[in-house]
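Reading the structure
Residues per chain, in single letters:
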Amino acid sequence: MDCPICGSDDIEILNSKQKTTKKKYTEEYLLKCGECGHVYKNVISLKKPRPYRLIISEQDKSHKTTIDLSPSDELQTGDTLLTELGQVEVTSIEVGDKRVEKSKLEDVDTIWASSVEIPARIGFSVDLHGDVDSYKLDLERDFEIAPGDVVKIENHIVKVFAKAGVIKRVYSKPVRFNSYDYDLTKYIFKKTKKSD
Ligand SMILES: [Zn+2]
């Protein structure tokens, strides 16, 4: 948007107008050059966002979803996108039957990305009258474990009785319940057994 007369990039926006039609989103600017004083118009026109196929890999799973992006935009590997499944980083772009590193979205068929939402790793101790089963869990960041929760973890059904620090380790004891609030087994990353 450099001044067309003197080429300066010292530009002041005097006025801007947005217009949306069925297919396009248009921004019209009235600009003034700070160097030579030339006043001119600049119109930026973007195609309206449409859904793109997005495949997000996260640890050993992958999720198929869509993301709305403007076909006028450009996409590049390494770009970060905000999706309904959190932030992802573009790892590959599929155009026709080719994988490319950079493309105008207009030509893109599928976007491949990996999740950059890093799970929270916490400790989970089950007190077995002297013996302790100690787990490391990878939880989603917004996963909350509260004191009083009855939880299944492997073959234990336990009640959470204390939480250390800002959720670094959760302490629990087995209870004689058949039902539980949620199952943490699938989040186990590592297990150790300790005995006194
Ligand atoms: Zn100028």
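Residues numbered from 1 in each chain as written. Predicted model: local features only at pLDDT ≥ 70, side-chain atom pairs only at ≥ 80, totals over all residues. Heavy atoms only, no water.

**Description of the coordination of the zinc ion**
Around the zinc ion, the protein contributes the donor atoms C3 (SG), C6 (SG), C33 (SG) and C36 (SG), at 2.3 to 2.4 Å from the metal centre. Coordination geometry of the zinc ion: the four donor atoms subtend angles of 101 to 115° at the metal centre, consistent with an arrangement described as tetrahedral. All donors to the zinc ion come from one chain, and their sequence spacing reads C-x2-C-x26-C-x2-C. One end of the pair, C6, is in the segment before β1 (11-20); the other, C36, is in the loop between β2 (24-33) and β3 (39-47), and 30 residues separate them in sequence. (Donors = N, O, S within 2.8 Å, 3.2 Å for Na, K, Ca; no water. Tetrahedral: all angles 85-135°; square planar, octahedral: opposite > 155°, others 65-115°. Helix = DSSP H or I, 4+ residues; strand = E, 2+ residues; numbered from the N terminus.)

**Things to note about the environment of K24**
Within the element layout of this structure, K24 appears in strand β2. Sequence-distant contacts of K24, that is, excluding residues within four places in its chain, are made with K19, S45, L46, K47 and K48. (Contact = heavy atoms within 4.5 Å.)

**Here we look at the side chain of D133**
Mapped onto the secondary structure, D133 falls in strand β13 (residues 131-139). Its relative accessible area of 2% is what places D133 among the buried residues. Within the structure, the side chain of D133 is placed 2.9 Å from the side chain of H156, a separation counted as a polar contact. Sequence-distant contacts of D133, that is, excluding residues within four places in its chain, are made with F124, S125, V126, L128, H156, K191, T192 and K193. (Buried < 20%, exposed > 50% of the residue type's maximum accessible area, 1.4 Å probe, protein only. Polar contact = N/O pair within 3.5 Å; in protein donor to acceptor, adjacent residues only side chain to side chain.)

**Brief notes about the nonpolar core**
Within soluble globular proteins, side chains that are nonpolar generally end up buried alongside one another. Within the largest apolar cluster, 15 residues are counted, with the highest numbers of intra-cluster contacts made by F124, L137, L139, I145, V151, I153 and L184. Sorting the residues of this core by element identifies β12 (120-128), β13, β14 (150-153) and β15 (156-164) as the ones contributing at least two each. Excluding residues that lie within four positions of it along the chain, I153 makes contacts with F124, V126, Y135, L137, V158, L184, T185 and I188. With 14 residues, the next largest nonpolar core counts Y52, L75, I93 and A113 among its residues. (Core = buried A, V, L, I, M, F, W, Y, C linked by side-chain atoms within 4.5 Å.)

**Digging into the pairing of strand β4 (residues 50-58)**
Within a regular beta strand, the side chains point alternately toward one face of the sheet and then the other, so they alternate between its two faces. Note that β4 and strand β5 (residues 61-69) share nine bridges and pair antiparallel. Within β5, the residue paired with I55 across the bridge is K64. Here β4 runs beside strand β11 (residues 110-115); their pairing, made up of five bridges, is parallel. Directly across from R53, in β11, lies its bridge partner T110. (Pairing = 2+ DSSP bridges.)

**Topic: the domain arrangement of the protein**
Once the domains are mapped, the protein shows domain 1 (11-47), domain 2 (50-115) and domain 3 (120-194). Its C-alpha centre places domain 1 at a distance of 57 Å from the equivalent point of domain 3. (Domains from an automatic or database assignment.)

**A word on the pattern of salt bridges**
Across all of its chains, the model carries eight salt bridges by this definition. E94 is the partner of R99 in a salt bridge, and the nearest nitrogen-oxygen pair spans 3.7 Å. (Salt bridge = Lys/Arg side-chain N within 4 Å of Asp/Glu carboxyl O.)

**Thoughts on the side chain of T65**
Here T65 is to be found in strand β5. Judged by its relative accessible area of 10%, T65 is buried.

**Some remarks on the sheet that holds β3**
If you walk across this open sheet you meet the three strands as β1-β2-β3, and the pairing is antiparallel. The sheet is open, and its two borders are formed by β1 and β3, each paired with just one other strand. Between one strand and the next, the sheet's axes are offset by a mean angle of 20°, whatever the strand orientation. In the sheet, β2 pairs with β3 via nine bridges, with the strands oriented antiparallel. (Axes fitted to C-alpha atoms, helices over the stretch in contact; angles between N-to-C directions.)

**Topic: unusual backbone geometry**
Leaving glycine out, the prevailing phi sign among residues is negative, and the prevailing peptide bond configuration is trans. Positive phi outside glycine occurs at H129, with the angle close to 50°. Take H129: it is sitting in the loop between β12 and β13. Its relative accessible area of 81% is what places H129 among the exposed residues. Of note in this structure, E154 is not a glycine but carries a positive phi near 50°. Secondary-structure assignment places E154 in the loop between β14 and β15. Residue E154 is classed as partly exposed on the basis of its relative accessible area, which comes to 29%.

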